[in-house]
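Each chain is listed here by its residues.
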Amino acid sequence: MDSIVIHGGNRLNGSIPVSGAKNSAIKLMAASILTSEPIRLTNMPRLADTRFLGALLREFGIEVTESDGADGQQTVFDAREIKSTFAPYDLVRQMRASFNVLGPLLARTGEAKVSLPGGCTIGARPVDLHLMALEAMGAKIELDEGYVTASVPNGLQGAEIEFPFVSVGATEHALLAAVMANGTTVLKRAAREPEIGDLARCLISMGAKIEGLDTDELVITGVTSLKGTDWSVIPDRIEMGSYAVAAAMAGGEVRLTKGRGDLIVALTELMRQAGVEIVEEANGDYIVRRDPTLRLKAVNATTEIYPGFATDLQAQFMTLMTLAEGESVIQEKIFENRFMHAPELMRLGADITVANGEARVRGVESLRGAPVMATDLRASMSLVIAGLVAEGETTVGRVYHLDRGFERMEEKLGACGADVRRVKGEAQEH
Ligand code: UD1
């Protein structure tokens, strides 16, 4: 298995283009099930997660064609005919969000059998709210041997659904089903994450009727069929935020292009408080500047639903705080077990204690390279960021986590002067 080897100490200077958002792309891909006409997605990131979902869509008989066109990386999904509605465990377990094909399969064909995704390292991550929403829309659901078997004998029906708390996945799943339900569906306490907005706008371009965009109440009037569309995936705010933190950590000046600063306002605010200079230009470029001889200040951060500080940037921000002056308290409010990166950062010399859903990070003068292990997708990026400043060599194992969500990471950081390379094969795995 591959590892990433980093020699710390280089400043970052240059420019990094932000890719299309993984968390939007996989939802837009699921939307392709809803129509017999082709969907062309541009600004498509090429990631393990989009590959996994592509493989699952092919199982259903959907043609998936990737190419590099005039608009950059694109993928066309042609679901003229759905030949199977079975999503096997082997494909769903590789990427949890694959579970969200259930709703669109039901909407398009009236039945589906989809594996339950199971937990992951950041927590149990149940799908009870997803099932609650589909049942409210008239789906008959049976759970057996790890599979959900669902059918809608009378078609999906519009319903009023109030989520007990905000879930990105459940909102998206309910939306994907409601656009073709009979009548009106109201989703209360809906997630407002930008990727939901991107999905809703794409669905509207396919002919769906959705009101309340970017609010916590979506009103969807079902239509009987949807058409094909051309859609450009929104920029990946988590990738953008990760490189912004990397630049702040290493020092230097990095220009992030093709991103959207308005999607990472909470992070920008925290980094400015810590002493990082950030300039947002009129053309959308986002410039991160830091004199590495000046020490950053510790600031506290709490993860929240959007537009609050994103849980997917928590690990990266914690890394930044390992070298800041003072103590930073980082609270995780979205997932139950999302501090797996803390012990790995401590292997690099960080001073962190984790208790009761919060991490206390006492800034140290420097980090030292060591072999560390990626524990989940975003945590793996936090270890790469730490490696950029750790003295000597840091080897990050279990890189498959990183490959799920960061496109050409070594190339992007390498272009700004980082000494980051991928080492192939077993020998480097820890
Ligand atoms: C999505 C993102 C992920 C991000 C997260 C929170 C995708 C593919 N992934 O994950 O990167 O970290 O939002 O911003 O977009 N929950 C339940 N029952 C449910 C559903 C969720 O209890 O049926 C709980 C979860 O365990 C978690 C919380 O709700 O504690 C929020 O999870 P949710 O917003 O659903 O996250 P995901 O959609 O899985």
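Residues numbered from 1 in each chain as written. Predicted model: local features only at pLDDT ≥ 70, side-chain atom pairs only at ≥ 80, totals over all residues. Heavy atoms only, no water.

**Focus on the domain arrangement of the protein chain**
Domain boundaries in the protein chain define domain 1 (3–18 + 235–423) and domain 2 (22–231). Relative placement of domain 1 and domain 2: their C-alpha centres are 31 Å apart. Carbon and sulfur atoms make up 50% of the surface buried where domain 1 meets domain 2, a total of about 1,800 Å² over both sides. Counting the surface domain 1 buries against domain 2, the share from its top three residues, Tyr-306, Arg-404 and Glu-407, is 32%. A salt bridge links Arg-404 to Asp-49; its shortest N-O distance comes to 2.8 Å. Inspection of the region where domain 1 meets domain 2 yields seven residue pairs in polar contact (both at pLDDT 80 or more). Secondary-structure elements contributing two or more residues to the side of domain 1 that touches domain 2 are helix H12 (377–389) and helix H13 (400–405). Ranked by residues supplied to the side of domain 1 that touches domain 2, first place goes to H13 with three residues. Residues that form the side of domain 1 that touches domain 2 fall into these classes: eight nonpolar, three polar and 11 charged. (Domains from an automatic or database assignment. Buried area = accessible area lost by both parts, 1.4 Å probe. Salt bridge = Lys/Arg side-chain N within 4 Å of Asp/Glu carboxyl O. Polar contact = N/O pair within 3.5 Å; in protein donor to acceptor, adjacent residues only side chain to side chain. Helix = DSSP H or I, 4+ residues; strand = E, 2+ residues; numbered from the N terminus. Nonpolar A, V, L, I, M, F, W, Y, C, P; charged D, E, K, R; others polar.)

**Some thoughts on the environment of Arg-347**
With respect to the helices and strands, the residue Arg-347 is situated in helix H11 (residues 341–347). Relative accessible area serves as the criterion here: at 46%, Arg-347 is assigned to the partly exposed category. Taking C-alpha positions, Arg-347 is 33 Å from Pro-235, a pair spaced 112 residues apart along the chain. At a separation of 2.9 Å, a polar atom in the side chain of Arg-347 contacts the main-chain carbonyl oxygen of Pro-371. (Buried < 20%, exposed > 50% of the residue type's maximum accessible area, 1.4 Å probe, protein only.)

**What about the environment of Leu-175?**
Residue position: Leu-175 is located in helix H6 (residues 168–178). Taking relative accessible area as the criterion, Leu-175 reaches 0% and is therefore assigned buried. Considered as a pair, Leu-175 and Ala-250 are 75 residues apart in the sequence and their alpha carbons are 41 Å apart.

**Some thoughts on the packing of aromatic side chains**
Scanning the model with the defined rule gives two aromatic pairs in all. Between Phe-86 and Tyr-147, the aromatic rings sit 5.5 Å apart at their centres with planes inclined by 25°, giving stacked as the arrangement. Here Tyr-147 lies in strand S9 (residues 147–151) and Phe-86 lies in strand S6 (residues 86–87), a separation of 61 residues in the sequence. The exposure class assigned to Phe-86 is partly exposed, which follows from its relative accessible area of 33%. In this structure, Lys-113 packs its charged tip against the face of Tyr-147, placed 5.1 Å from the ring centre. (Phe/Tyr/Trp six-rings, centres within 6.5 Å; stacked < 30°, edge-to-face > 60°. Lys NZ or Arg CZ within 6 Å of the ring centre and 35° of its normal.)

**Considerations on the pairing of strand S8 (residues 140–144)**
Two elements, S8 and S9, share five bridges in a ladder whose sense is antiparallel. Each residue of the ladder has a partner; that of Asp-144, found in S9, is Tyr-147. (Pairing = 2+ DSSP bridges.)

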